[in-house]
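What follows is the residue order along each chain.
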Amino acid sequence: MALSRRINGNYPNFDLTLRRYARMMNSPVALSLPIDSDINALRLGMARGDDMAVGCVPVLHHLLGNDDKSLFSDDIIALIRGMLADVARQICMMADDFEGDQPPVAGDHLRIAAIVPQVMQVPGLLTHLHATALEWQISLRLQTGIGLDPVLSPLVQSLIASQDGAIGVSAMKLLAAQARFIQNQRHMRLPMSELPADLLHGLLAATRTVFQTEGSAAETSMRAQYDESVTRLGLLAQLISSMGAGQIAALQLTHAGTALFASALAAGYAPGPAGNHLTRDGALMAMMQRHSARLALTLRMAGVKMSAISENYHALGHEAIFLEHVAALSPERAKQMLSETAQAKLGAE
């Protein structure tokens, strides 16, 4: 009861959000409303996906604060918990460096656990951890299902052998970064130096708040050494950009692998009005069944053939309920629909 009161204090509409989210997660995939046209079917599909996304962060706050795992799989929640604890451990080490004490030992669970709630409050961090866990889950599923190597996909292999030396070097760097990512995920670790710049800044600011310091030698060193372009996500973005028109090859999941596919999906999203933007975290969310309408439209907008879109659906295990509607649209119409949806979402906010 105390937990419920605390959650409702921070999120006044949490109970309503949780019930609404549970209904969406447990409802059948088939649309319950009559479909008058391809356009209406796709709009409804995107709206349902967006409604689910709105409830993700407060639900994650709830699940990570207690043992209720009914809305997310145990492995996803366990991985998020593990990454949070790892980040908190790194923050403890930074604080100890400032205080001149020894780094926390592995058994210092109480101190680490006390920092986790503060880490959870960093804007955007839970969303990123959730997307990271989803990326790992999808990669494992593809490795088990079709034998797709999560480190060396066919596309990465061909890029390493590229006649363009710069692309080959970038692909080799990505190979090493992806291998580290897989190893870290297996041990539920998340190096702060691999975070996007805005999240790293938020964590460092939280560290100062928690320990009431002006900064530490470790923080100063991390800021001086940090280079977003050499992080795994930075290398992925650079490699996609260097491919030019050839980046459409990265929009074939079984050829590119999860990491490059997600980055290519975000990079290829239609530029336009404010809000019409798909982050890489959002791209990973779009790879889930509930967002399959947005995935199909984004791929269609990028000029991906319907046969290839169908192959992506099959690889992800999605039901092809939106494919016939998307097939009736041109890439220009798909782009317009995505833009309209973004504007409608901004207006609602």
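Throughout, residues of each chain are indexed from 1 in the direction in which the sequence is written. pLDDT decides what is reported in this predicted model: residues at 70 or higher carry local features, side-chain atom pairs at 80 or more are listed and counted, and totals for whole chains, interfaces and linings draw on all residues regardless. Each side-chain value is worked out from all heavy atoms of the structure, with water and hydrogens disregarded.

1. A short note on the overall build of the protein chain
Condition: Numbering of helices and strands runs from the N terminus, with a helix taken as a DSSP run of H or I at least four residues long and a strand as a DSSP run of E at least two residues long. Accessibility here uses a 1.4 Å probe with only protein chains present; expressed as a share of the type maximum, an area under 20% marks a residue as buried, one over 50% as exposed, and anything in between as partly exposed. We call two residues in contact when some of their heavy atoms are within 4.5 Å. In these tables, accessible area is a Shrake-Rupley quantity obtained with a 1.4 Å probe, and a residue counts as shielded only by the protein chains included in the view.
Counting secondary structure elements, the protein chain contains 19 helices and zero strands. Per-residue burial over the protein chain gives 47% buried out of 349 residues. Sequence-distant contacts in the protein chain: of pairs separated by 6 or more residues, those separated by 24 or more amount to 70%. Split by element, the accessible area of the protein chain, about 16500 Å² in all, is 56% carbon and sulfur.

2. Concerning the nonpolar core
Quick note on the threshold: By nonpolar core we mean a set of buried residues, namely Ala, Val, Leu, Ile, Met, Phe, Trp, Tyr and Cys, connected to one another through side-chain atoms within 4.5 Å.
Ranked by size, the top nonpolar core spans 96 residues in total, and within it L84, V119, L125, M192, L203 and L260 carry the most contacts. The dominant element in this core, judged by the number of residues it contributes, is helix α5 (residues 74-99), at twelve residues. Look past the residues within four positions of L125 in its chain and what remains in contact with it is L84, V119, L195, L199 and L203.

3. Focus on the side chain of S263
Relative to the helices and strands, S263 is located in helix α14 (residues 258-267). Taking relative accessible area as the criterion, S263 reaches 7% and is therefore assigned buried.

4. Side note on the environment of M46
Assignment of secondary structure puts M46 in helix α3 (residues 38-54). Of the residues examined, M46 reaches a relative accessible area of 2% and is grouped as buried. Here the alpha-carbon distance between M46 and R290, two residues 244 residues apart in the chain, equals 8.4 Å. Once residues lying within four places of it in the same chain are set aside, the contact partners of M46 are A293, R294, L297, M337, L338 and T341.

5. Structural notes on the packing of helix α7 (residues 125-146) against helix α9 (residues 165-186)
Selection rule: Only the stretch in contact is used when fitting a helix axis, every axis being a line fitted to C-alpha atoms; angles between N-to-C directions are given from 0 to 180 degrees. Here roughly perpendicular refers to angles of 65 to 115 degrees, roughly parallel to angles under 35, roughly antiparallel to angles over 145, and oblique to all remaining angles. By the convention adopted, Pro, Cys, Tyr, Trp, Phe, Met, Ile, Leu, Val and Ala count as nonpolar, Lys, Arg, Asp and Glu as charged, and the other residues, Gly among them, as polar.
In contact at an axis separation of 11 Å, α7 and α9 are set at 100° when each is read in the N-to-C sense. Judged by the angle between their axes, α7 and α9 are roughly perpendicular. Residue-level contacts link T132, A133, E135 and W136 of α7 to F181, I182, Q185 and R186 of α9. Within the contact of α7 with α9, the residues separate by chemical class into four nonpolar, two polar and two charged.

6. Things to note about the packing of aromatic side chains
Each aromatic ring pair is characterised by the separation of its centres together with the angle its planes make. Applied cut-off: A pair of Phe, Tyr and Trp rings is counted when the ring centres sit within 6.5 Å of each other, with Trp represented by its six-membered ring. The angle between the planes then sorts it: under 30 degrees is stacked, over 60 is edge-to-face, the rest tilted. We call a charge positioned above a ring when the Lys NZ or Arg CZ atom is no farther than 6 Å from the ring centre and deviates by at most 35 degrees from the ring normal.
Tallied over the entire structure, the rule returns zero aromatic pairs. Over the face of the ring belonging to F181 we find R232, whose NZ or CZ atom lies 3.6 Å from the ring centre.

7. What to know about α14
Most of α14 sits inside the fold, with nine of its ten residues counted as buried. Among the residues of α14, T258, A259, L260, F261, A262, S263, A264, L265 and A266 are the ones counted as buried.

8. Things to note about unusual backbone geometry
Excluding glycine, residues mostly have negative phi values, and the peptide bonds linking residues are mostly trans. For M188, which is not a glycine, the phi torsion comes out positive at approximately 55°. Among the secondary structure elements, M188 is positioned in the loop between α9 and α10 (197-211). Residue class for M188 comes out partly exposed when judged on its relative accessible area of 35%.

9. Comments concerning the confidence of the model for the protein chain
Counted only if it meets this: A score from 0 to 100, pLDDT tells how confident the predictor is in each residue.
Overall, the prediction assigns the protein chain a mean pLDDT of 81, with 77% of residues at 70 or greater. Of the regions scoring below 50 in pLDDT, residues 1-12 engages in nine contacts with residues more than four places distant in sequence or in other chains. pLDDT under 50 marks residues 270-276. Its contacts with residues more than four places away, or in other chains, come to 15 contacts.

10. Here's the deal with the packing of helix α12 (residues 232-242) against α14
Definition in use: Here is the rule for handedness: rotate from the far helix to the near one, and if that takes an anticlockwise turn smaller than a right angle the crossing is left-handed, while a clockwise turn gives right-handed.
Relative orientation of the contacting elements α12 and α14 amounts to 65°, with a least axis distance of 9 Å. When you trace α12 past α14, the crossing you get is right-handed. Where α12 approaches α14, its residues R232, L236, L239 and I240 are matched on the opposing element by A259, L260, S263, A264 and A267. Taken together, the residues of the contact of α12 with α14 break down into seven nonpolar, one polar and one charged.

11. Section: the environment of L42
With respect to the helices, strands and loops of the structure, L42 is situated in helix α3. For the pair L42 and S292, spaced 250 residues apart in sequence, the C-alpha separation works out to 9.5 Å. If we ignore the near neighbours within four places in the chain, the residues touching L42 are A293, L297, F322, H325, V326, L329 and M337.

12. Brief notes about the pattern of salt bridges
Put simply, the test is: Any carboxyl oxygen of Asp or Glu that lies within 4 Å of a side-chain nitrogen of Lys or Arg is treated as forming a salt bridge with it.
Scanning the entire structure with this criterion turns up seven salt bridges. Note that R232 and E135 form a salt bridge whose closest N and O atoms lie 2.8 Å from each other. Taken as a pair, R232 in helix α12 and E135 in helix α7 lie far apart in primary sequence, 97 residues in all. Residue R232 is classed as buried on the basis of its relative accessible area of 5%. Between R333 and E340 there is a salt bridge whose closest N-O contact spans 3.9 Å.

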